[in-house]
Amino acid sequence: MRLSEQDIIDAICIHMASRKQIKPEQVEVELMWDEDHGFSAEVFAEGRSQILIAANILESIERYLLDYRNVRVFRDQIRLGLEDEIYADIV
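Everything quoted here is computed from the prediction, not taken from an experiment.

Participant: Just to check I follow, could you spell out unusual backbone geometry for this structure?
Facilitator: Trans peptide bonds make up the majority, and among non-glycine residues the majority have a negative phi. Backbone geometry places Gln-21, a non-glycine residue, at a positive phi of 55 degrees. Structurally, the position occupied by Gln-21 is in the loop between helix H1 (5-20) and strand E2 (27-34). The residue Glu-46 is not glycine, and still its phi comes out positive at about 55 degrees. Turning to its location among the elements, Glu-46 is positioned in the loop between strand E3 (38-45) and strand E4 (48-53).

Participant: Explanation requested: the packing of aromatic side chains in the structure shown.
Facilitator: When we look at a pair of aromatic rings, we describe it by the centre distance and by the angle of the planes. Taken as a whole and assessed by the stated rule, the structure comprises 2 aromatic pairs. Measuring from centroid to centroid gives 6.4 Å for Trp-33 and Phe-39, while their planes differ by 55 degrees, and the two rings are tilted. Assessed through its relative accessible area of 41%, Trp-33 is described here as partly exposed. For the pair Tyr-64 and Tyr-68, a centre-to-centre distance of 5.8 Å together with 25 degrees between the ring planes defines the contact as stacked. Highlighted residues: Tyr-64 and Tyr-68, both in helix H2 (residues 54-69), separated by 4 residues, approximately one helical turn. Taking the relative accessible area as the measure of exposure, Tyr-64 reaches 11% and is therefore buried. The side chain of Arg-2 reaches across the aromatic face of Tyr-87, ending 3.7 Å from its centre.

Participant: Looking at this structure, how should I read the sheet that holds E4?
Facilitator: The strand order across the open sheet formed by 3 strands is E2-E3-E4, and the pairing between neighbours is antiparallel. Strand pairing shows two members of the sheet lacking a second neighbour, E2 and E4, which therefore form its edges. The sheet shows a mean angle of 20 degrees between the axes of neighbouring strands, taken without regard to direction. Strand direction decides the pairing type here: E3 and E4, joined by 6 bridges, are antiparallel. Bridging from a neighbouring strand, Phe-44 pairs with Ser-49 of E4. Here H1 sits on the sheet in contact with E2, E3 and E4, set at roughly 125 degrees to E2. Across the sheet, H2 lies against E3 and E4, angled at about 90 degrees from E4, the strand it touches most.

Reading the values: rules and limits
- Residues numbered from 1 in each chain as written.
- Predicted model: local features only at pLDDT ≥ 70, side-chain atom pairs only at ≥ 80, totals over all residues.
- Heavy atoms only, no water.
- Helix = DSSP H or I, 4+ residues; strand = E, 2+ residues; numbered from the N terminus.
- Phe/Tyr/Trp six-rings, centres within 6.5 Å; stacked < 30°, edge-to-face > 60°.
- Buried < 20%, exposed > 50% of the residue type's maximum accessible area, 1.4 Å probe, protein only.
- Lys NZ or Arg CZ within 6 Å of the ring centre and 35° of its normal.
- Pairing = 2+ DSSP bridges.
- Axes fitted to C-alpha atoms, helices over the stretch in contact; angles between N-to-C directions.
- Contact = heavy atoms within 4.5 Å.

Structure (structure tokens):
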């Protein structure tokens, strides 16, 4: 199974909204990748900015798949990748 960049953004929005007890629509996410730090995301919510590392992104994907697609996966089954956009393969 492959999750698109939009699926990953949705997963992060839902996860962060749950943690902050706000609506997912109140969360904005920008996914990033660079050679030094790998995958990360900048999250904007409640007037603040927060950087998530890859482990946080994987946690969001795990939760999203369980809650919204009824699929149980573990972090070592998720592979983040980059082609034209960032994606997540579930193996």
